[in-house]
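# Geometric and topological summary
As a plain string of letters, each chain reads:
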Amino acid sequence: MSDDAGRAISIIGFIGSVFSPWYRWSGRRNPANHCCINVATYGPGGRWTMTDRGEDALTLSHDKLQVGPSSMRWENDKLIIAIDEMTWPHMGRLQGEIIVEPEALTTVELPLKQDGSHVWRPFAPLSRIKVNLNRKGWQWDGHGYFDANFGTSALEADFSYWTWGRYPCREGSVCFYDATRRDGSDLSVGVIFDPKGEAKVIKAPPKAPFKRSLWAVKRETRADAGTTPRQVKQMLDAPFYCRSAVEIQFAGENTVGVHEALDLNRFASPLLKPMLAVKVPRRRGWPA
């Protein structure tokens, strides 16, 4: 998010694009054949790009992920993201560079299931971000976050619902991760990360429901007892997923962070996949 909170950006690199209908229709047999770098910009002139690409577009090395014309690379303790993608539905090129500079790197990995089939890896919950894109007003600095999720089975096979939130706080950054597993058990985690990358597990404050999204996705996060979270900026709103900037009160402090809610019962519906195909075009080949 920009320092003035007027703009935000989300970039996700996928190998095995979990939200791609093409990956689902393929039977998820070959994750490398469904890769992409998804970019969404929020604010004036915001754009969306998520092209599902074949394995010819994928190049991996120790410090670089290349998917077609876009890439992420680790260089001089920074994550440098180069973007060159077609936006949808505007059909223009989104090009430029985003630099994520962590204040520190953590050593934390959290299994989301006991069998380790899904793992959350928060690399840098406290970061600075510099955005320089080829659109008017899309040159800004702000605060950022860098994590990863790994899985060996479909999200909708193991979970029915989850929420995640990351909020700046006095001690650094606090993350809340809640999920309902298909076996009926729940995940409930609260972690504070300090500027040195140290993690402290905390007793999370109570769940606090707030207004549903435009697609009526249920939303809740963690907040001080007796307080109600408030959306301050709409970001991504889909029939099964919502991302937004949300203000909560935590430990007596008001803070604005990024919140996500994911309804995997909805996502599992086969009726949803043709709708997603409109937002996620498929490009099998890629020139050498």
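The structure reproduced in this document is the subject of the present report. (Residues numbered from 1 in each chain as written. Predicted model: local features only at pLDDT ≥ 70, side-chain atom pairs only at ≥ 80, totals over all residues. Heavy atoms only, no water.)

The next thing to look at is the pairing of strand β9 (residues 93-102). The sheet contact formed by strand β8 (residues 78-86) and β9 spans 8 bridges and is antiparallel. Among the inter-strand pairings, M86 is bridged to a residue of β9, identified as R93. Here β8 folds back onto β9, and the loop between the two strands holds 6 residues, one of which, M91, carries a positive phi near 60°. (Pairing = 2+ DSSP bridges. Helix = DSSP H or I, 4+ residues; strand = E, 2+ residues; numbered from the N terminus.)

On to the nonpolar core. If you look at the biggest cluster of nonpolar residues, it comprises 36 residues, and the most contacted ones within it are F19, L112, W120, W162, Y177, F240 and L262. Counting residues per element, this core draws most heavily on strand β15 (residues 186-193), at 4 residues. Every residue in contact with W120, bar those within four places of it in the chain, is listed here: V108, E109, L110, L112, Y145, D147, A148, N149, W164, C175, Y177 and F193. (Core = buried A, V, L, I, M, F, W, Y, C linked by side-chain atoms within 4.5 Å. Buried < 20%, exposed > 50% of the residue type's maximum accessible area, 1.4 Å probe, protein only. Contact = heavy atoms within 4.5 Å.)

What follows is about the state of the cysteines. Throughout the structure, instances matching the rule amount to 0 disulfides. Its sulfur unpaired, C36 is 7.4 Å from the next cysteine sulfur, which belongs to C35. C169 takes part in no disulfide bond, and the closest cysteine sulfur, belonging to C175, lies 9.1 Å away. Here C169 falls in the buried class, since its relative accessible area comes to 11%. (Disulfide = S-S within 2.5 Å.)

It is worth spelling out the environment of I192 at this point. Note on placement: I192 falls in strand β15. You can call I192 buried: its relative accessible area is 4%. For the pair I192 and P125, spaced 67 residues apart in the sequence, the C-alpha separation amounts to 9.2 Å. Not counting residues up to four positions away in its chain, the partners in contact with I192 are C169, E171, S173, V174, E198, A199, K200, I202 and F250.

Moving on, we get to the sheet that holds strand β16 (residues 199-202). With antiparallel pairing, 7 strands are arranged side by side in an open sheet as β16-β15-β14-β13-β21-β20-β19. Of all the strands in the sheet, the pair left with one neighbour each is β16 and β19 (230-237). Recorded for the sheet is a direction-independent mean angle of 20° between the axes of neighbouring strands. The sheet contact formed by β15 and β16 spans 4 bridges and is antiparallel. Of the residues in β16, the one forming a bridge with I192 is K200. (Axes fitted to C-alpha atoms, helices over the stretch in contact; angles between N-to-C directions.)

What follows concerns helix α4 (residues 272-279). Taken together, the buried positions of α4 are occupied by L272, K273, L276 and A277. For α4, the angular spread of the buried residues around the axis is 140°, confining them to a single face. Contacts from the buried residues of α4 go to α1 (21-25) and α3 (264-267). (Arc of directions from axis to C-beta.)

A few words on the side chain of D237. Checked against the element boundaries, D237 lands in strand β19. Here D237 occupies a buried position and makes no salt bridge, while the nearest side chain of opposite charge, R219, is found at 6.2 Å. Of the polar contacts made by the side chain of D237, one reaches the backbone nitrogen of W215; its length is 3.4 Å. (Lys, Arg positive; Asp, Glu negative; His and termini not counted. Salt bridge = Lys/Arg side-chain N within 4 Å of Asp/Glu carboxyl O. Polar contact = N/O pair within 3.5 Å; in protein donor to acceptor, adjacent residues only side chain to side chain.)

On the surface, a cluster of nonpolar side chains totalling about 350 Å² of accessible area is made up of M86, W88, M91 and V278. For V278, a relative accessible area of 52% corresponds to the exposed category. (Patch = residues over 30% accessible without salt bridge, like charges linked within 9 Å, V, L, I, M, F, W, Y side chains within 5 Å. Areas by Shrake-Rupley, 256 points an atom, 1.4 Å probe, with all protein chains shown as cover.)

The next thing to look at is the environment of A82. For A82, the location among the structural elements is in strand β8. Here A82 falls in the partly exposed class, since its relative accessible area comes to 24%. Spatially, the C-alpha atoms of A82 and Q66 are 9.3 Å apart, while their sequence positions differ by 16 residues. Apart from residues no more than four positions distant in its own chain, A82 is found in contact with S70, S71 and G96.

Take the packing of aromatic side chains next. What the rule picks out here adds up to 16 aromatic pairs. Aromatic side chains F123 and F146 sit 5.1 Å apart centroid to centroid with 20° between the ring planes, which places their arrangement in the stacked category. Taken as a pair, F123 in strand β11 (residues 118-133) and F146 in strand β12 (residues 139-151) lie far apart in primary sequence, 23 residues in all. Exposure remark for F123: the relative accessible area of 24% places this residue in the partly exposed category. Plain terms: the ring middles of W162 and Y177 are 5.4 Å apart, the flat faces sit at 85° to each other, and that makes the pair edge-to-face. In this pair, W162 sits in strand β13 (residues 159-169) while Y177 sits in strand β14 (residues 172-181), placing the two residues 15 residues apart along the sequence. The burial state of W162 is the same as that of Y177; both residues are buried. Clustering of aromatic rings is evident, with ring pairs tying together F14, F19, F240, Y241 and F267. A cation sits over an aromatic face here: R7 above W138, 5.0 Å from the ring centre. Just above the ring of F267 sits the side chain of K273; from NZ or CZ to the centre is 4.6 Å. (Phe/Tyr/Trp six-rings, centres within 6.5 Å; stacked < 30°, edge-to-face > 60°. Lys NZ or Arg CZ within 6 Å of the ring centre and 35° of its normal.)

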